[in-house]
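Here is how the chains run, residue by residue.
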Amino acid sequence: MRKRAVALYAGMGVLISILTFMLMPAYSQEDIVNLADSAFGDRERPAAVFAHEEHNEKAEIEECNVCHHLYRGGNKVDDESSEGTNCSACHYVEGGDTTRPLMKAYHELCKSCHQENKAGPVTCGECHRK
Ligand code: HEC
Ligand code: HEC
Ligand code: HEC
Ligand code: HEC
């Protein structure tokens, strides 16, 4: 009897750890309210305001790869995405041979869409809020 109870508790422990692990990425995504990319090291500006979920709902962006894109052979792949991979894994602070530098990458992605839609901030202080 006791052995079986121990096995049951151990089993439940494993199950709970698996569940916690599975739920973790969802939490980290929902929790994003601003961006302070640690890749920059010593910062010049306050973090950029970006409430991930709320922003994408309001802006009605349906495809994750509008931002979390994936390139192959120099071309953007339409139906695949790179969420879970940081921008800085491909766009380096100092720039690379094949990708634009990190700050330029962020600014282009965020500002170009705001400009096209005539909605969303385009000045420094509107994004980098104290
Ligand atoms: C408007 C742009 C945008 C859209 C659309 C978007 N994201 Fe993100 N997301 C970001 C940015 C920027 C980060 C922070 C990336 C970093 O820190 O390098 C991020 C971070 C994340 C993270 C945290 C892990 C990580 O990469 O640091 C997850 C998970 C994620 N996004 C999932 C999603 C999913 C799923 C969708 C589609 C339902 C989505 N995102 C749509 C911009 C976007
Ligand atoms: C898996 C690697 C990878 C990840 C992750 C990635 N990029 Fe890119 N990105 C590229 C490549 C490759 C190009 C094409 C070369 C170039 O123009 O820099 C590109 C191009 C761009 C461009 C110019 C073309 C366009 O689509 O607008 C912007 C802006 C950009 N990336 C911003 C970002 C931002 C911001 C993030 C994080 C949300 C991000 N990228 C994540 C690889 C990546
Ligand atoms: C594909 C289009 C698109 C991209 C990419 C995009 N945005 Fe936006 N953003 C919008 C639109 C549309 C609005 C206006 C939404 C509304 O309020 O109706 C907006 C609004 C905002 C706002 C105002 C909402 C607030 O909380 O005050 C902020 C801040 C913002 N965006 C930051 C960002 C940042 C930072 C990025 C890059 C990581 C980004 N956006 C990328 C479309 C986009
Ligand atoms: C649409 C929003 C947006 C606007 C407008 C914007 N930025 Fe950014 N900026 C970002 C995002 C997103 C990042 C990357 C996330 C972060 O803050 O670490 C970034 C990063 C930076 C960084 C690197 C991090 C640091 O603090 O050292 C600097 C510097 C910067 N921006 C300066 C500026 C200046 C100057 C302007 C005006 C000319 C400006 N930004 C306008 C969104 C914006």
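Residues numbered from 1 in each chain as written. Chains lettered and ligands numbered in written order. Predicted model: local features only at pLDDT ≥ 70, side-chain atom pairs only at ≥ 80, totals over all residues. Heavy atoms only, no water.

A. Region of the structure containing the site of ligand 2. Looking at ligand 2, there are 17 residues lining it, with His-69, Cys-87, Cys-90, His-91 and Arg-100 nearest. Here a nitrogen atom of ligand 2 sits 2.8 Å away from a polar atom, N or O, in the side chain of His-69. Here His-91 contributes a side-chain N or O atom positioned 2.8 Å from a nitrogen atom of ligand 2. Considered class by class, the residues forming the shell around ligand 2 number seven nonpolar, seven polar and three charged. (Near = heavy atom within 4 Å. Polar contact = N/O pair within 3.5 Å; in protein donor to acceptor, adjacent residues only side chain to side chain. Nonpolar A, V, L, I, M, F, W, Y, C, P; charged D, E, K, R; others polar.)

B. Main features of the site of ligand 4. The full set close to ligand 4 counts 20 residues, and Arg-43, His-107, Cys-124, Cys-127 and His-128 are the nearest of them. Within the backbone of Asp-37, one N or O atom sits 2.8 Å away from an oxygen atom of ligand 4. Among the elements that make up the shell around ligand 4, the one with the highest residue count is helix H3 (residues 102-117) (six residues). A per-class count over the shell around ligand 4 returns eleven nonpolar, four polar and five charged. (Helix = DSSP H or I, 4+ residues; strand = E, 2+ residues; numbered from the N terminus.)

C. Spotlight on the pattern of salt bridges. Scanning the entire structure with this criterion turns up four salt bridges. With a shortest N-O distance of 3.8 Å, Lys-58 and Glu-54 are connected by a salt bridge. One end of the pair is Lys-58 and the other is Glu-54, both in helix H2 (residues 52-58) and four residues apart, which spans about a single turn. Residue class for Lys-58 comes out exposed when judged on its relative accessible area of 67%. Among the residues examined, Glu-54 registers a relative accessible area of 48% and is labelled partly exposed. The closest approach of N and O atoms between Arg-100 and Glu-108, which form a salt bridge, is 2.6 Å. Of the residues examined, Glu-108 reaches a relative accessible area of 33% and is grouped as partly exposed. A network of salt bridges, in which partner residues are shared, links Arg-100, Lys-104 and Glu-108. (Salt bridge = Lys/Arg side-chain N within 4 Å of Asp/Glu carboxyl O. Buried < 20%, exposed > 50% of the residue type's maximum accessible area, 1.4 Å probe, protein only.)

D. Seen up close, H3. For H3, with 16 residues, the first-to-last C-alpha span of 23 Å sits near the 22 Å given by 1.5 Å per residue. Buried within H3 are the following residues: Leu-102, Ala-105, Tyr-106 and His-114. In this structure, the buried residues of H3 make contact with strand S1 (34-35) and H2. Once H3 finishes, Lys-118 follows within two positions and takes phi at roughly 50°, a positive value. (Expected span 1.5 Å × (residues − 1). Contact = heavy atoms within 4.5 Å.)

E. Region of interest: the coordination of the iron atom of ligand 1. The protein atoms that coordinate the iron atom of ligand 1 are His-52 (NE2) and His-68 (NE2), at distances of 2.0 Å. Angles of 88 to 180° at the metal separate the six donor atoms of the iron atom of ligand 1, which places the site in the octahedral class. With His-52 in helix H2 and His-68 in the loop between H2 and strand S3 (71-72), the pair connects residues that are 16 residues apart, well separated along the chain. Here His-68 falls in the partly exposed class, since its relative accessible area comes to 25%. (Donors = N, O, S within 2.8 Å, 3.2 Å for Na, K, Ca; no water. Tetrahedral: all angles 85-135°; square planar, octahedral: opposite > 155°, others 65-115°.)

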